[in-house]
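# Breakdown of the fold
This is what each chain is made of:
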Amino acid sequence: MKHLCRELERHLESEAEHLPDALRAHLAGCVKCQRAWRLHRAYQRTLHAARSEPMPACELPWSRVQAQLAARTVSRRPLVWVRPALGWGMAVAVVLAIGAALLPWGNQQPLQGETLAQAQRSEPRVASAPPKADTTRDAAGAVSIEAQGVAPASIELCVPDARVVAQATPRMCDSVRLQSPAPDPPPTDAYAARLRNPEVPARRPADAVVGAPAFGSVSEPPFTVASLPLTPFGVNDSATGVEYLPISYGSLSSYREGSSNEAIIGSF
Amino acid sequence: MDNLYAGAVDRTLTDEQLAAKAREGDTAAMEELYLRYRQPVFRIVYRSTRNTDEAEDIVQDVFLKAFERLHTFREQSRFSTWLMRIALNLCTDRARMRQRRQELLEREAEHKLAWSHPSAPDPMETAQQNAFHEAFYAALYQLPEHHRQLIILRDLEEMDYESIAQILGTSVGAVKLRVMRARRAFKTKLEPLLRAIGEIE
């Protein structure tokens, strides 16, 4: 019986018009199939009624559609120009962003063999430091600095800060102390003094350490460290007992032993 | 003599030829396509909405969308099926946007009153037809959208399975299976309504 029930169900779903005799006989004795049959017939009637429903005519005129189409075309026309512009704008922005991201790395790694002057030009803060590292050695007797045993890697590069000075300075000879000279006269005073006495050198001695703090006192007023010889290694001036440490521009990671552009230049 | 005015299009052109002209901006070709398919699209849309104004709005949207996207029309399918697909998609969007079944039933009641004009053949028969309509569409709007579309396309509009398969972008076998499932679901919804009006015991 179940087989015939399934057969009748399949027959009803197949949209067949006539019921076979076997299924008709089964239908006479199966209540479940009679119910399905009645539902199917009712469905057919409602479907027929729905199909015969009077369908209203679409009275939408072409002129209305055409006007809407024209309005949309006009309103969307600027997008034709905006899209490529946006694309180019995005491309330029990406290129600028990449350039901005790469630029600091390029500035932090000076080329090997770069001169001090070039380095000073590339480092704005260096400009305030006394020029010419070679003059430092000439007048080095005035200042005796001993910083033996300070590893190059421990030196803060590029712009040293007070902490680095504190690391380097305790090794100075006790007999020689940094003298804290008077503060820099205003440029106008220096210029006037030079006018009065032409023998006064125009440049301050390179070894002069301006505003150097007393040792052991990190909170002293800031000072400027003069530039030191550009040597790949530390310079040991046996005559004065001064040893200069090689200090490089650039970041700590950019320091390479043996590079030729080490110098101490910076302001504190 | 067919072209009675300047810019008129040859009415013997096929839909695809007209579509090619319309793609190049030929307004007369667009108008011809519109006149050919305005009513068929309206029928499908009206079956879904049961509201003339809303159906006309959707018809307008269908043709606007079609003409704006004619460059995407691939001539692998017929223009009519492509248009019907757009219509069904817009109907689906509308159905999702608004829960308007109750409103439609109210409009159906208004429509029923409008039919009761003096020239109606038989008041009893009309009342029975209206009861059928009401039950039919009440059950239809209880169906999910994908089932409802199949009932409309296959059972109301009597489209062949191949056309439905093209419209829905699927195979004929899949369409047959989905129609069968839609009918089962529809009958499940319809049965209590028909029982309520005494159509079945």
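Residues numbered from 1 in each chain as written. Chains lettered and ligands numbered in written order. Predicted model: local features only at pLDDT ≥ 70, side-chain atom pairs only at ≥ 80, totals over all residues.

## Section: helix H3 (residues 31-51) of chain A
How we decide: Each helix corresponds to a stretch of at least 4 residues labelled H or I by DSSP, and each strand to a stretch of at least 2 residues labelled E; elements are numbered beginning at the N terminus. Helix span, as expected, comes to 1.5 Å for every residue beyond the first. Field definition: a residue is buried when 20 or more other C-beta atoms are found within 10 Å of its C-beta, exposed when 12 or fewer are, and partly exposed for counts in between, with C-beta atoms placed from the backbone.
Spanning 21 residues, H3 of chain A covers 30 Å between terminal C-alpha atoms, matching the ideal 30 Å at 1.5 Å per step. The set of residues buried in H3 of chain A consists of Cys-33, Ala-42, Tyr-43, Thr-46 and Ala-50 of chain A.

## Some details on the interface of chain B and chain A
Spelled out, the test is: Residues are defined as contacting one another if the C-beta atoms placed from their backbone atoms lie within 7 Å. In this classification, the charged set is Asp, Glu, Lys and Arg, the nonpolar set is Ala, Val, Leu, Ile, Met, Phe, Trp, Tyr, Cys and Pro, and all remaining amino acids, among them Gly, are polar.
Contacts between the two partners involve 32 residues from chain B and, on the opposite side, 24 residues from chain A. Elements with a minimum of two residues in the side of chain B that touches chain A: helix H2 (27-49), helix H3 (52-68), helix H6 (123-140), helix H7 (145-156) and helix H9 (172-196) of chain B. Top element by residues in the side of chain B that touches chain A is H2 of chain B. It accounts for 9 residues. Within the side of chain B that touches chain A, the residues separate by chemical class into 16 nonpolar, 6 polar and 10 charged.

## Overview of the packing of helix H1 (residues 2-13) of chain A against helix H2 (residues 21-29) of chain A
Residues and elements named next belong to chain A. Operational definition: For helices, the fitted axis covers only the stretch in contact; all axes are lines through C-alpha atoms, and the angles between them, taken along N-to-C directions, range from 0 to 180 degrees. Every angle not falling under 35 degrees, over 145, or within 65 to 115 is termed oblique; those three ranges are roughly parallel, roughly antiparallel and roughly perpendicular. With the far helix as reference, a near helix turned anticlockwise by less than a right angle produces a left-handed crossing, and one turned clockwise produces a right-handed crossing.
Where H1 contacts H2, the axes come no closer than 10 Å and their chain directions differ by 115 degrees. In terms of orientation, H1 and H2 fall into the roughly perpendicular class. Considering the relative orientation of H1 and H2, their crossing is left-handed. Facing Leu-4, Glu-7, Leu-8 and His-11 of H1, the residues of H2 in contact are Leu-23, His-26 and Leu-27.

## Comments concerning the environment of Glu-32 of chain B
All names here are of chain B. Here Glu-32 shows up in helix H2. Assessed through the 21 C-beta atoms surrounding it within 10 Å, Glu-32 is described here as buried. Considering only alpha carbons, one finds Glu-32 and Arg-11, 21 residues apart in sequence, at a separation of 7.4 Å. The contact partners of Glu-32, leaving out residues within four places of it in the chain, are Val-9, Arg-11 and Leu-18.

## Section: the confidence of the model for chain B
Residues and elements named next belong to chain B. Going by this rule: As a per-residue quantity, pLDDT reports the predictor's confidence and falls between 0 and 100.
This prediction gives chain B a mean pLDDT of 83; 82% of its residues lie at or above 70. Considering each helix and strand of chain B separately, the mean pLDDT is smallest for helix H5 (residues 101-115), with a value of 62, and largest for H3, with 93. Scored below 50 in pLDDT, residues 1-6 shows 3 contacts in the model against residues more than four places distant or in partner chains. Confidence estimates for the predicted assembly give a pTM of 0.53 and an ipTM of 0.74.

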